[in-house]
Amino acid sequence: MPSMTSFTTPGRRTLAKGVLAGAAALLLDSARPPRPPVTPAAARIVRRRRCCACVCRRPAALPVGAETLYLVDSSRNDPWAPGIGVRELMVTVLRPAASGHGLPRVPQLTPGAAAVFTGLCRYIHPQLPDAGVDWAATLTHARAGAPPLPARRPVLLYSPGGGDARTTGSALAVDLASHGWTVVTVDHPGDASQVEFPGARPGRKRVRPTALSGPPDAATFRTMIDTRVADLVFVLDALGLDRVGVYGHSAGGTAAAQALHEDGRIAAAVNLEGYLDQMDGELLPVARHGTRRPLLLAGTDGFRDARLDRSWAALLAHGGPVSRWQLDDAHHWVFTDYAALVPQLHKAGLMTASGRAAMTGLAAPRVTVPAVRNLLRAFFTRHLPSRE
């Protein structure tokens, strides 16, 4: 039987340092002064209030609580660090909360994780600045220890892109949780940029950096996807979940689509620009055989290439509840927190225009961030409706 232990990430109010004192904070709305400056609506999670004069009567977003879990799968060894002897995962559970008033906000990156990421970020994303950013400065809208609302809610799992940690999807995950879903963001240690555990153990330090040293070759990519699918299935087992949704970005999107094919407990999935083949051209089983469960393929015009078109077209040719959606004037990391952060780094003079375009495209966050959020809300509202 797998073992499971949990701990709650402590909230921490962090002061920004260096040139980008405020820019990183705009991503998820960092520590607020008494009268906060106006920031783009797309860069924050907006809690709408009910208004009798509102024509569309959109429901108010809910407070969100966060809990971090440490999960151990003793039935598997770690493919990236066999000396550990087991497969360890870190996940964050985000749930609608009764109230978060007075409780600390959860940081996007703890100081320990931020210190490791600072040394790695240029290797993972060469466009990012190697100085001038305090990566520990941003606080999310999730509150540590906020009591969850007493209701059974549909669960969504999130798998980040290759080389990225689960924290790069914080804004979208918190937004979905604020609209009624329980969201479980999953780290994949070894290929994630950094993963912080409750403590060190033989074979790794407390903050474990990525084992990747550059773009993956065919064998590495195969290991990534196989491991990620197994990680998602294990989370379902460890948390006793059934009838869930899964969404993921890049390699996480690939894993989400393949996990949908392999595990009947997954009712619907969203692939945010992940290939559906191996690097040698072999189609994944989900693309070879199709699916009878809803699957959304979401991409950008900036990242679209022949390999993506071929593997997605193979799946779409089977018919069934599979659809494709494209966001124009955008690029690959627009589905992550970089959608709001990168334009701020560019505005602060810490990134070039070409670097911004290569990561998120040139469309404004006020356009791209709501578009992605609304897309996922609409898809999961249709197939796994929340109970707001």
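Residues numbered from 1 in each chain as written. Predicted model: local features only at pLDDT ≥ 70, side-chain atom pairs only at ≥ 80, totals over all residues. Heavy atoms only, no water.

Enquirer: Just to check I follow, could you spell out the packing of helix α2 (residues 170-178) against helix α9 (residues 365-383) for this structure?
Expert: When two helices pack together, you describe them by how their axes are tilted relative to each other and by the distance separating the axes. Orientation of α2 relative to α9, taken along the N-to-C sense of each, is 45°, at an axis distance of 10 Å. In terms of axis orientation, α2 runs oblique to α9. In the packing of α2 onto α9, the handedness of the crossing is right-handed. Across the interface between the two elements, A171, L172, D175 and L176 of α2 pack against V372, R373, L376 and R377 of α9. Split by residue class, the contact of α2 with α9 holds 5 nonpolar, no polar and 3 charged. (Axes fitted to C-alpha atoms, helices over the stretch in contact; angles between N-to-C directions. Helix = DSSP H or I, 4+ residues; strand = E, 2+ residues; numbered from the N terminus. Parallel < 35°, antiparallel > 145°, perpendicular 65-115°, else oblique. Left-handed = near helix turned anticlockwise from the far one by under 90°. Contact = heavy atoms within 4.5 Å. Nonpolar A, V, L, I, M, F, W, Y, C, P; charged D, E, K, R; others polar.)

Enquirer: For this particular structure, what's the right way to read the packing of aromatic side chains?
Expert: For any pair of aromatic rings, the description rests on two quantities: the centre-to-centre distance and the angle between the ring planes. All told, the structure shown has 6 aromatic pairs when counted by the stated rule. Pairing Y275 with F303 gives two aromatic rings, centres 5.9 Å apart and planes at 45°, and the pair type is tilted. Of the two residues, Y275 sits in the loop between β11 (266-272) and α5 (285-289) while F303 sits in the loop between β12 (295-300) and α6 (306-316), which places them 28 residues apart along the sequence. Taken individually, Y275 and F303 each receive the classification buried, so the pair is uniform in this respect. Ring pairs connect the aromatic residues Y158, Y247, F379 and F380, which therefore count as one cluster. (Phe/Tyr/Trp six-rings, centres within 6.5 Å; stacked < 30°, edge-to-face > 60°. Buried < 20%, exposed > 50% of the residue type's maximum accessible area, 1.4 Å probe, protein only.)

Enquirer: What's the story with unusual backbone geometry in this structure? I'm lost.
Expert: A negative phi angle is the norm for most residues apart from glycine, just as the trans form is the norm for most peptide bonds. Located in the positive-phi region is R243, a residue other than glycine, with phi close to 50°. By the secondary structure assignment, R243 is in the loop between α3 (218-239) and β10 (244-249). In this structure, S250 is a non-glycine residue whose phi angle is positive, near 55°. Residue position: S250 is located in the loop between β10 and α4 (251-262).

Enquirer: Can you help me understand the nonpolar core in this one?
Expert: Counting residues in hydrophobic clusters, the biggest one holds 42 residues, and the most contacted among them are L157, V184, V235, L276, L295 and L315. Counting residues per element, this core draws most heavily on α3, at 8 residues. The next biggest cluster of nonpolar side chains, apart from the first, holds 34 residues, and it includes A177, W181, V270 and F380. (Core = buried A, V, L, I, M, F, W, Y, C linked by side-chain atoms within 4.5 Å.)

Enquirer: Explain the pairing of strand β2 (residues 64-73) here, please?
Expert: Each regular strand carries side chains that alternate between the two faces of the sheet. Burial analysis of β2 places 9 of its 10 residues in the buried class, which makes it a mostly covered element. Pairing geometry for β2 and strand β5 (residues 139-144), over 3 bridges, is parallel. Note that in β5 the partner of G65 across the bridge is R143. Taken together, the 10 bridges between β2 and strand β3 (residues 87-96) define a ladder with antiparallel strand orientation. The residue of β3 that forms the bridge with V72 is E88. (Pairing = 2+ DSSP bridges.)

Enquirer: Looking at this structure, how should I read the environment of T185?
Expert: Relative to the assigned elements, T185 resides in strand β7 (residues 182-186). In this structure, the C-alpha to C-alpha distance between T185 and S170, residues 15 residues apart in sequence, is 8.3 Å. Aside from chain neighbours lying at most four places away, what touches T185 is M90, V91, T92, L94, Y158, R166 and A173.

So yeah, pure geometry; function would need other evidence.
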